[in-house]
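# A structural walkthrough
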Amino acid sequence: MDSISNQLEFVYHFTTDESYIPKKWKKDSAIVLRVDGDFDIKVDGISYFRDDIALLEFYLYLERWLAIIESGKYDIPEFHYYTLEIDEDEPLISIIPFDNNDKVRLTSIWRKEPFDPVFKMDYIVNRLTDLRDQLKKDIEAHYNISVEPFIDKFPIRALAVIDKKRGKTKWF
């Protein structure tokens with residue numbers, strides 16, 4: 001039986017600043033990989049994952065996944081964050097639903113600890129919604145850009161979802 005972790009914390013610090021993005025690039029998708037930061041996922045106070053990642057790219061994956069959940073039209077899909085910064089074909093961070101979407105398992109190929117924590121689905125969705133909202137505000141303030149022009153315009157890997165009414169697979 002999987003034990004449920006009680007606390008999930010996300011800590012990030014930008015490692016680039018506004019001057020790293022030329023003014024003429026403010027809406028160009030090339031800047032997505034220039035919005036970098038140290039990203040730390042802590043589980044029950046222990047650092048589970050920590051690395052420098054493209055925070056705007058991560059935001060775009062998170063935004064799409066949460067938009068699918070918030071629509072209520074589809075079964076909750078797995079979350080996979082792939083980055084263009086590495087050539088590996090495995091996702092850097094994943095969230096895998098199980099137990100009739102009541103629980104999720106957090107995994108990472110670069111995890112710092114030898115375990116994959118389990119959370120209640122509602123809890124992780126709430127925590128990731130808070131992260132998405134705060135990350136958007138912080139990116140926009142720190143880099144003086146809007147994230148909106150990049151949603152659905154930056155190439156991220158397609159995600160298969162199951163339509164609740166029709167039972168058919170759709171790709172986002």
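Now for a description of the structure that goes with this document.

## Side note on the sheet that holds strand 2 (residues 36-43)
Strand order in the open sheet formed by three strands is 1-2-3, and the pairing between neighbours is antiparallel. Sheet topology places strand 1 (8-14) and strand 3 (46-54) at the edges, where each strand pairs with a single neighbour. Ignoring strand direction, the axes of neighbouring strands in this sheet form an average angle of 15°. Strands in contact with helix 1 (residues 55-71) are strand 1, strand 2 and strand 3; relative to strand 3, the strand with the most contacts, it is inclined by about 110°. Contacting strand 1 and strand 2, helix 2 (residues 121-143) runs over the sheet at an angle of about 15° to strand 1.

## Let's talk about helix 1
For helix 1, which comprises 17 residues, the first-to-last C-alpha distance of 24 Å matches the rise-based estimate of 24 Å (1.5 Å per residue) to within 8%. In terms of burial, helix 1 is largely enclosed, as 14 of its 17 residues are buried. Positive backbone phi, at 75°, marks Gly 72, one or two positions downstream of helix 1.

## A closer look at the pattern of salt bridges
On inspection of all chains with the given rule, the structure shows 10 salt bridges. The partner of Asp 116 in a salt bridge is Arg 111, and the shortest N-O contact between them spans 3.1 Å. Between Arg 127 and Asp 130 there is a salt bridge, with the nearest N and O atoms lying 3.9 Å from each other. Taken together, the residues span about one helical turn, with Arg 127 and Asp 130 both in helix 2 at a distance of three residues. Judged by its relative accessible area of 45%, Asp 130 falls in the partly exposed class. Here the residues in one salt-bridge network are Glu 63, Glu 70, Arg 132 and Asp 133, joined through shared partners.

Definitions and limits used
Residues numbered from 1 in each chain as written. Predicted model: local features only at pLDDT ≥ 70, side-chain atom pairs only at ≥ 80, totals over all residues. Heavy atoms only, no water. Pairing = 2+ DSSP bridges. Helix = DSSP H or I, 4+ residues; strand = E, 2+ residues; numbered from the N terminus. Axes fitted to C-alpha atoms, helices over the stretch in contact; angles between N-to-C directions. Contact = heavy atoms within 4.5 Å. Expected span 1.5 Å × (residues − 1). Buried < 20%, exposed > 50% of the residue type's maximum accessible area, 1.4 Å probe, protein only. Salt bridge = Lys/Arg side-chain N within 4 Å of Asp/Glu carboxyl O.

The values are spatial; any link to function lies outside them.
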